[in-house]
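Now for the letters of each chain:
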Amino acid sequence: MMGAMEPSDRTPRGARVVRQAGDGRAARFEDWMRVALYDPELGYYARNVRSVGPRGDFSTAATLHPALGEAVAAWASARRKELFGGGLVPWTLIEAGPGTGELARTVLDALPLLARRTVTLRLVETSPVLREAQRARLGDRATWHVTMGDALAACEGRAIVYASELLDALPVRVLRRRGGKWEELWISSNGAECREEWRPASSGGAESSGAFSALSRSWPEGQRVEIAPAVRAWFHSWESSFLRGALLILDYGDSVDALYERRPRGTVRGYAHHQRLEGAALYANAGFADVTADVNFTDVIAWGEGQGLTTARFERQSDFLRRFVPSVETRAVSEPALAFLLGPLGAGAAFKALEQVRGV
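Scoring rules and cut-offs
Residues numbered from 1 in each chain as written. Predicted model: local features only at pLDDT ≥ 70, side-chain atom pairs only at ≥ 80, totals over all residues. Heavy atoms only, no water. Helix = DSSP H or I, 4+ residues; strand = E, 2+ residues; numbered from the N terminus. Buried < 20%, exposed > 50% of the residue type's maximum accessible area, 1.4 Å probe, protein only. Contact = heavy atoms within 4.5 Å. Areas by Shrake-Rupley, 256 points an atom, 1.4 Å probe, with all protein chains shown as cover. Lys, Arg positive; Asp, Glu negative; His and termini not counted. Charge placed at Lys NZ, Arg CZ, Asp CG, Glu CD. Core = buried A, V, L, I, M, F, W, Y, C linked by side-chain atoms within 4.5 Å. Pairing = 2+ DSSP bridges. Salt bridge = Lys/Arg side-chain N within 4 Å of Asp/Glu carboxyl O.

Student: Lay out the overall build of the protein chain with the relevant residues and their values.
Tutor: Each helix and strand in the protein chain was counted, giving 17 helices and 16 strands. Residues counted as buried form 56% of the 360 residues belonging to the protein chain. Long-range contacts, defined as pairs at least 24 residues apart, comprise 71% of the intrachain contacts of the protein chain with a sequence gap of at least 6. In the structure as shown, the protein chain presents an accessible area of about 15,100 Å², 51% of it carried by carbon and sulfur atoms. Positive and negative charge centroids in the protein chain, built from 45 and 43 side chains respectively, lie 1 Å apart.

As structure tokens, this is what we get:
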């Protein structure tokens, strides 16, 4: 599939994304990914995301089976009692990056009665397309915000917060070790096609190795790794406003020491109509495909703790489901989607659950 051409500009879509992200001829991969996903005119999430689920470009754990929403609801209810009290005490639940709103809807419906009656649900979403999908599912059951800071300010920094498959969609820098030095991936365009280009890593890459665990490890020659300044900035932008509560991160990824095992080209890939795209096919479809990279949880844990959060638990998402969903193993016998979420060869091992708290 080639990108559609605008009537006013017949330049191929991939070249237009490179032009918008860089100097017209080339762009650092992180900037390319930001434009390809979030640019108001060219970005996938801003304009072109079709749907999430079997009929969309990709599926999430939340769209595969309601068990994830049930588990998040049970977790949120337990933390709510511990941190804010039970009964009729009002409390705030925040979801960052709620996608179609399906997870939020399932969570609300699965909350115990008193928790559901007293909760204020706040959704943090920047995509106009996804926000409309969320409104269609939730109506007046939620309040929307553009940033986490805005959502936390509305509840005076006291909330139960969760995010599912959000961090994997934030832009990353792609680097490789070559001849004892770090090189960085750029995407260049001749106006007709896009290709990969490697340049010496610029400031904020290898020079900031203390902030990114992947840069302090020894890798085989040519191994690609990703670092995520955007994820780090996301934490830093709102953690000081988070005064009391719990944070749950659900996403695919691993600790840095396991993340790149048998992955010499790193973890970046794209999806369109459930087809996996890499390299030239991904760059040609920029703006029409989701782009993602696995989460380095070694860094995420460190960044949260650096902002004063305490790590309560880091586990496989399957173990999180087993802790919070009654009879989940029995249900999985007759529910294939749930079996996939639990299975060691499916999402059960690939997805992780990280819980951090403040004020306990």
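Student: Please provide a residue-by-residue account of the nonpolar core, values included.
Tutor: Counting 71 residues, the largest nonpolar core has Phe29, Trp32, Ile94, Met148, Leu167 and Trp234 as its most contacted members. Here the element with the most residues in this core is helix H2 (residues 29-38); it accounts for 6 residues. Ranked by size, the runner-up nonpolar core spans 44 residues in total, among them Ala142, Trp144, Ala332 and Ala353.

Student: Explain the pairing of strand S7 (residues 181-189) to me, and be specific about the residues and the numbers.
Tutor: Taking burial as the measure, the 9 residues of S7 include 7 buried ones, the bulk of the element. Sheet topology places strand S1 (residues 26-28) next to S7; 3 bridges connect them, and they run antiparallel. Across the sheet, Ala27 pairs through a bridge with Ile187, a residue of S7. Where strand S6 (residues 173-178) folds back onto S7 in an antiparallel hairpin, the turn is made up of 2 residues, including Gly179, whose phi is positive at roughly 60 degrees. Looking at chain direction, S7 and strand S8 (residues 194-200) are connected through 7 bridges and run antiparallel. In the strand pairing of S8, Ser188 is matched with Arg195. Counting the residues that bridge the hairpin from S7 to S8 gives 4 residues, and of these Gly191 lies at a positive phi of roughly 100 degrees.

Student: Quick one: what's the story with the pattern of salt bridges, residue by residue and with numbers?
Tutor: On inspection of all chains with the given rule, the structure shows 30 salt bridges. Two residues, Arg28 and Asp31, come together in a salt bridge whose shortest N-O distance is 3.7 Å. Close ionic contact of Glu315 with Arg323 constitutes a salt bridge, the shortest N to O distance being 2.7 Å. Note on Glu315: relative accessible area 10%, which makes it buried. The class for Arg323 is partly exposed, based on a relative accessible area of 35%. When salt bridges with common partners are traced through the structure, they connect Arg28, Glu30, Asp31, Arg34, Arg173 and Glu184 into a single cluster.

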